[in-house]
Amino acid sequence: MAAALIGGLIARGVAADRFAVADPAEAARAQLAQRFGVATHADGRDAVRDADVVVLAVKPQVMRVVAQGLGDAVRDALVVTIAAGIRLADLARWLGGHARLVRVMPNTPALVQAGISGAYAAPDVGAADRETVDAILGATGPVVWVDAEARIDAVTAVSGSGPAYVFYLLEAMQAAGVAQGLTPDAARCLSIETVRGAARLAAAAEDPFDVLRARVTSKGGTTEAAIATLDARGVKAALVDAIEAAAARAAELGDALGRG
Ligand SMILES: NC(=O)c1ccc[n+]([C@@H]2O[C@H](COP(=O)([O-])OP(=O)(O)OC[C@H]3O[C@@H](n4cnc5c(N)ncnc54)[C@H](OP(=O)(O)O)[C@@H]3O)[C@@H](O)[C@H]2O)c1
């Protein structure tokens, strides 16, 4: 994720000497330095020393140790966390009472600059800091701001885990195509381009999704037969349940990760 952000910002013209990156693994540091020309450090405190903005992109399980290790080295910098499940109150405590905090939930299409992120700013964070977060995350895709931290669990459930739901649909479409006699490559291509095209059509239209769907569903036609089968199997209700389960799990993980 951090590499996707750095790569996206450099592709947008941000100079490599504006970055200081920390990673404990020497091989990772060498790769980042070679790929992006950025300064690297083994110790996070050295990376954040002169930073205006600190992005914490470590795994949630190590965030407490990393944040406690940085402590007062972050001074009054804007701190942005992209770790799933880590709540700002816990991060603030681990950083020794830091208040200038933003929590972001990106998704993996960020790796190809086609991400979408949800963001929540702590109450003390001003408009200029939000613009900074828009600019940083904007390198990988748009940012949707939410006004309560609990809503980040909903963002996690819809767009954070969301690529997996689309891959699940792609799996089914490809398998069905192969069962109907298409080659795996042909079924893969037809499935991917259908999802890509439908997403672009939806993004370009102002209409609600059900109107778009009705437009490709003629009376007595092929799509109507397919949708009737999906409805009979309760597929939409199952997806709603699935996203609710993801949000509930996000809240549980937040409780567990915040201990200590
Ligand atoms: N991937 C996603 O879909 C996704 C979506 C939304 C949010 N996120 C969040 O983004 C964060 C990063 O995820 P990722 O998939 O990019 O994980 P990742 O590939 O494991 O990247 C984490 C990096 O942090 C490094 N690291 C470990 N300890 C460190 C320390 N003390 N100081 C500095 N760096 C340290 C790791 O090094 P080592 O490999 O040597 O341990 C690794 O290079 C996670 O918190 C995740 O919840 C991910």
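In this text the structure is predicted, and so the values were computed from the model without any measurement. Here the residue numbering is sequential within each chain, running from 1 through the sequence in written order. At least 70 in pLDDT is required for a residue's local features to be given in this predicted model, at least 80 for side-chain atom pairs to be given and counted, and no such filter applies to totals for whole chains, interfaces and linings, which use all residues. With hydrogens and water set aside, each side-chain value is computed from the structure's full complement of heavy atoms.

Caption draft 1: Structural context of the site of the ligand. In this text, near means that some heavy atom of the residue lies within 4 Å of the molecule or strand in question. Taken together, the neighbourhood of the ligand is formed by 16 residues, with Met1, Asp23, Val58, Ala84 and Thr108 sitting nearest. Lys59 places a polar side-chain atom, nitrogen or oxygen, 2.9 Å from an oxygen atom of the ligand. Under this definition, polar contacts are N or O atom pairs within 3.5 Å; protein pairs additionally need one hydrogen-donor-capable and one acceptor-capable atom, and for neighbouring residues in sequence, both atoms have to be side-chain atoms. Measuring from an oxygen atom of the ligand, one finds a backbone N or O atom of Ile82 at 3.5 Å. The Shrake-Rupley method, run with a 1.4 Å probe sphere, supplies the accessible areas, and residue values consider only the shown protein chains as cover. When the ligand is considered free in solution it has 880 Å² of accessible area, and contact with the protein chains removes 65% of it. Tallied by class, residues from the shell around the ligand come to 13 nonpolar, 1 polar and 2 charged. Each residue gets one of three labels, nonpolar for Ala, Val, Leu, Ile, Met, Phe, Trp, Tyr, Cys and Pro, charged for Asp, Glu, Lys and Arg, and polar for the others, Gly among them.

Caption draft 2: Region of interest: the domain arrangement of the protein. Per the domain assignment, the segments making up the protein are domain 1 (2-150) and domain 2 (162-253). An automatic or database domain assignment provides the domain bounds reported here. For domain 1 versus domain 2, the separation of C-alpha centres amounts to 33 Å.

Caption draft 3: Inspection of helix α8 (residues 162-179) at higher detail. Only DSSP runs of H or I covering at least 4 residues are called helices, and only runs of E covering at least 2 are called strands; the numbering of each starts at the N terminus. The span you would expect from a helix comes to 1.5 Å times its residue count less one. Helix length check: α8, at 18 residues, gives a terminal C-alpha distance of 26 Å against a target of 26 Å (1.5 Å per residue), a fit within 8%. Along α8, the residues that are buried comprise Gly162, Pro163, Leu170 and Gly177. Seen along its axis, α8 keeps its buried residues to an arc of 95 degrees; they face one direction. In α8, the exposed residues that point more than 90 degrees away from the buried face are Tyr168, Glu171 and Ala179. Two residues qualify as a contact provided that any one of their heavy atoms is within 4.5 Å of a heavy atom in the partner residue. Those residues of α8 that are buried lie in contact with α7 (151-160) and α9 (184-204). Looking one or two residues past α8, Gly181 carries a phi angle of roughly 105 degrees, positive in sign. Working definition: with a 1.4 Å probe on protein chains only, accessible area under 20% of the residue-type maximum means buried, over 50% means exposed, and in between means partly exposed. Here, the arc refers to the directions that run from the helix axis to the C-beta atoms.

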